[in-house]
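# Structural overview for review
Chain residues, written in single-letter form:
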Amino acid sequence: MALASVLKRYVQRKGNRNEDWKEVKDDEKEEFSKLYKLWKGPTKDTCTTYKAIPRFYYKLPSEDELLLQKLREESRAVFLQRRSRELLDNDELQGLWFLLDKHHTSPLVGDEQMINFEDFMKVSDLAGQKCKPFFKPSVFAKLLQSDPYGRISIMQFFNYVMRKVWLHQTRIGLSLYDVAGQGHLKESDLENYILELIPTLPQLDGLEKSFYSFYVCTAVRKFFFFLDPLRTGKVKIQDILACSFLDDLLELRDEELSKEVQESNWFSAPSALRVYGQYLNLDKDHNGMLSKEELARYGTGTLTDVFLNRVFQECLTYDGEMDYKTYLDFVLALENRKEPQALQYLFRLLDVQNRAFLNVFALNYFFRAIQEQMKLHGQEPVSFQDIKDEIFDMVKPKDPLKISMNDMVNCGQGDTVVSILIDLNGFWTYENREVLVTDDSEV
């Protein structure tokens, strides 16, 4: 009986202990919830600021939500139309010029009319509500130069207004092609924009319609090569407006553009035909693609085999051959070697070890091919040690044993370094720079 009593008392005590443990766990959970809510902060239901701050993020409709997509497109179209109506039209710009001319402030500076701040504000009151954003004191201060009477040039101010109106018009025009409505254009969006722009550019009237697709590809590649160096597949509309490429493209509206200007403009018909013609000339087997052997004939035909191997290792190819789009990136990089985007493209090819810097091994790896080409042409090879020291002296890298991408850009000699390593003709030009300078001075 004594054993039975002991067991009963033990079972009774254990039951009480379980109840006490359960209470402890409940208290712990309650305390944790209090601390977690305190750490997380107020919720949407408890915080009053949620009612004051407007919602700023709206999830984009998915592909199967056709009604929401259509609603979004229509809303954006209405918004852009409203913004377009807010801009000054030609008649309103002419009216503004008439008011500025009428209220100019004497005396003239040569033939240029000037206006002081008082008359500036008078014109603001007369010009109407649409002109108000241009008549700010900050605008007047920006245009104020060294006039002894504290005036600004009427012509400079009017050009400022014209530029602003043009930028807004162009932004609205580009935004119409922004299918996602996120402020950037994909490659297909920009292709559609340029394709529809071609008929408005008199300098492109001579292009055959069969060449349009190649012209569009040529034009679009420049935008994406320089404005999308990370290859995200999209460029910001803001970046397109900020760069000079759109100005170069719209310059083709001028019917009296000189031959020299056209040849230097990447978007002109002669330039596009030149680049495409070079591509066709290199394509000896006429399969529409370039092999390494065909690309080796590019330019003066003095690019090294080592460099060309790296091009086909790193760049997008199809069965070991390069298409026109990849060729355009190659041409843009070699024709603009001073630009950071071109140096980034070429640095990736030179970084044979994929270590984000060039060391003595990488420099020697490429320069050996230059030495071999010199032997083939019957020239005495230059010592690599001398060239290595000259390159490091030119670049002046932060780390004396490594050349980074930033070092190449900041030194201002990156294009020279690249030419020394990849092109025999470029190396020869560098080696004979003093002789060439002397010849030029004599001429």
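Our subject is the structure listed above.
Okay, so let's go over this structure. (Residues numbered from 1 in each chain as written. Predicted model: local features only at pLDDT ≥ 70, side-chain atom pairs only at ≥ 80, totals over all residues. Heavy atoms only, no water.)

### Topic: the overall build of the protein chain
Regarding its fold elements, the protein chain presents 23 helices and five strands. A globule of 443 residues ought to have a C-alpha radius of gyration of about 22 Å, yet the protein chain, at 34 Å, is considerably larger. With the C-alpha coordinates of the protein chain rotated into their principal frame, the extents come out at 125 × 75 × 50 Å. Going through the 443 residues of the protein chain one by one, you find that 39% of them count as buried. A fraction of 61% describes how many contacts in the protein chain between residues 6 or more apart in sequence connect residues 24 or more apart. With an accessible surface of roughly 27,600 Å², the protein chain has 53% of that area assigned to carbon and sulfur atoms. Positive and negative side-chain charges in the protein chain, numbering 57 and 70 respectively, have mean positions lying 13 Å apart. (Helix = DSSP H or I, 4+ residues; strand = E, 2+ residues; numbered from the N terminus. Rg over C-alpha atoms; globule rule 2.2 N^0.38 Å. Buried < 20%, exposed > 50% of the residue type's maximum accessible area, 1.4 Å probe, protein only. Contact = heavy atoms within 4.5 Å. Areas by Shrake-Rupley, 256 points an atom, 1.4 Å probe, with all protein chains shown as cover. Lys, Arg positive; Asp, Glu negative; His and termini not counted. Charge placed at Lys NZ, Arg CZ, Asp CG, Glu CD.)

### Here we look at the environment of L252
Looking at where L252 falls in the secondary structure, it is placed in the loop between α11 (245–250) and α12 (259–264). Given a relative accessible area of 0%, L252 falls into the buried group. Taking the C-alpha atoms as reference, L252 lies 9.1 Å from N265; in sequence the two are 13 residues apart. In this structure, L252 is in contact with L201, P202, Q203, L204, Y215, L257, N265, F267 and S268, ignoring residues within four places of it in sequence.

### Things to note about a negative patch on the surface
On the surface, D205, E251, D254, E255 and E256 cluster together into a negatively charged patch. Tracing the sequence through the fold places E256 in the loop between α11 and α12. Its relative accessible area of 72% is what places E256 among the exposed residues. (Patch = residues over 30% accessible without salt bridge, like charges linked within 9 Å, V, L, I, M, F, W, Y side chains within 5 Å. Salt bridge = Lys/Arg side-chain N within 4 Å of Asp/Glu carboxyl O.)

### Comments concerning the packing of aromatic side chains
Within this structure, the stated rule accounts for 30 aromatic pairs. Between Y276 and Y324 the ring centres are 5.3 Å apart and the planes differ by 85°, which places this aromatic pair in the edge-to-face class. Of this pair, Y276 sits in helix α13 (residues 269–282) while Y324 sits in helix α16 (residues 324–335), and the two are 48 residues apart along the sequence. Of the two residues, Y276 and Y324, both sit in the buried class. Of note, R348 hangs over the ring of Y345, and the distance from its end group to the ring centre comes to 5.6 Å. (Phe/Tyr/Trp six-rings, centres within 6.5 Å; stacked < 30°, edge-to-face > 60°. Lys NZ or Arg CZ within 6 Å of the ring centre and 35° of its normal.)

### What to know about the nonpolar core
Of all hydrophobic cores here, the largest spans 95 residues; its most connected members are I194, Y215, F223, L246, L295, Y327 and I391. In terms of residue count, the dominant contributor to this core is helix α9 (residues 212–227) (eleven residues). If we ignore the near neighbours within four places in the chain, the residues touching L246 are W166, T170, L174, Y193, F223, I240 and L241. Ranked by size, the runner-up nonpolar core spans 20 residues in total, among them I152, I154, F157 and F158. (Core = buried A, V, L, I, M, F, W, Y, C linked by side-chain atoms within 4.5 Å.)

### Some thoughts on the sheet that holds strand β3 (residues 152–153)
Spatial strand order, β1-β2-β3: three strands in an open sheet with antiparallel pairing. Strands at the two margins of the open sheet, each flanked by one partner only, are β1 (105–109) and β3. Across two bridges, β1 lies against strand β2 (residues 112–115) in antiparallel orientation. Each residue of the ladder has a partner; that of V109, found in β2, is E112. (Pairing = 2+ DSSP bridges.)

### So, unusual backbone geometry
A cis amide bond, omega 0°, links S106 with the succeeding residue P107. Phi at R231 takes a positive value of approximately 60°, unusual for a residue other than glycine. Relative to the helices and strands, R231 is located in the loop between α9 and β5 (234–236).

### Concerning the layout of surface pockets
Gaps between atoms show up when a probe of the same size as a water molecule is rolled over them. In this structure, the largest pocket occupies an estimated 480 Å³ of space. At the level of secondary structure, the elements contributing two or more residues to the lining of the largest pocket comprise α9, α16 and α17 (340–350). No other element matches α17, which puts five residues into the lining of the largest pocket. Among the residues making up the lining of the largest pocket, the classes are represented as ten nonpolar, four polar and ten charged. (1 Å grid on protein atoms, 1.4 Å probe; cavity = no way out; pocket = protein on both sides within 12 Å on 5 of 7 lines; lining within 4 Å. Points joined across faces, edges and corners; volume = space filled by probe spheres on them. Nonpolar A, V, L, I, M, F, W, Y, C, P; charged D, E, K, R; others polar.)

### Some words on the environment of C47
Position of C47 relative to the elements: it lies in the loop between α1 (2–40) and α2 (49–52). Spatially, the C-alpha atom of C47 lies 67 Å from that of T304, the residues being 257 residues apart in sequence.

### Topic: the environment of A180
In this fold, A180 is placed in the loop between α7 (154–175) and β4 (184–186). Owing to a relative accessible area of 32%, A180 belongs among the partly exposed residues under this scheme. Measuring from C-alpha to C-alpha, the distance between A180 and P270 comes to 34 Å, with 90 residues separating the pair along the chain.

### Concerning the pattern of salt bridges
All told, the structure shown has 16 salt bridges when counted by the stated rule. One salt bridge connects D389 with K388, and the closest N-O pair in it is separated by 3.6 Å. The class of K388 is buried, set by a relative accessible area of 17%. Overlapping salt bridges bring together E187, R221, K325 and D329 as one network.

### Considering α7
Helix length check: α7 (22 residues) gives 32 Å between terminal C-alpha atoms against 32 Å at 1.5 Å per residue, within 8%. Every buried residue belonging to α7 is among I154, F157, F158, V161, V165, W166, T170, I172, G173, L174 and S175, and all of these are buried. Two or three places before M155, at the start of α7, stands the capping residue S153, its side-chain oxygen 3.3 Å from that residue's backbone nitrogen. (Expected span 1.5 Å × (residues − 1). Polar contact = N/O pair within 3.5 Å; in protein donor to acceptor, adjacent residues only side chain to side chain.)

### Details of helix α19 (residues 384–395)
Helix length check: α19 (twelve residues) gives 16 Å between terminal C-alpha atoms against 16 Å at 1.5 Å per residue, within 8%. For α19, every residue scored as buried is listed here: F384, I387, K388, I391, F392, M394 and V395. With its buried residues spanning 160° around the axis, α19 presents them on a single face. Looking at the buried residues of α19, the elements they touch are α18 (360–376), α20 (405–410), α21 (414–422) and α22 (424–431). Two to three positions downstream of the cap, the backbone nitrogen of Q385 sits 3.3 Å from a side-chain oxygen, assigning the N-cap of α19 to S383. Positive phi appears at K396, one or two residues downstream of α19, with a value of about 50°. (Arc of directions from axis to C-beta.)

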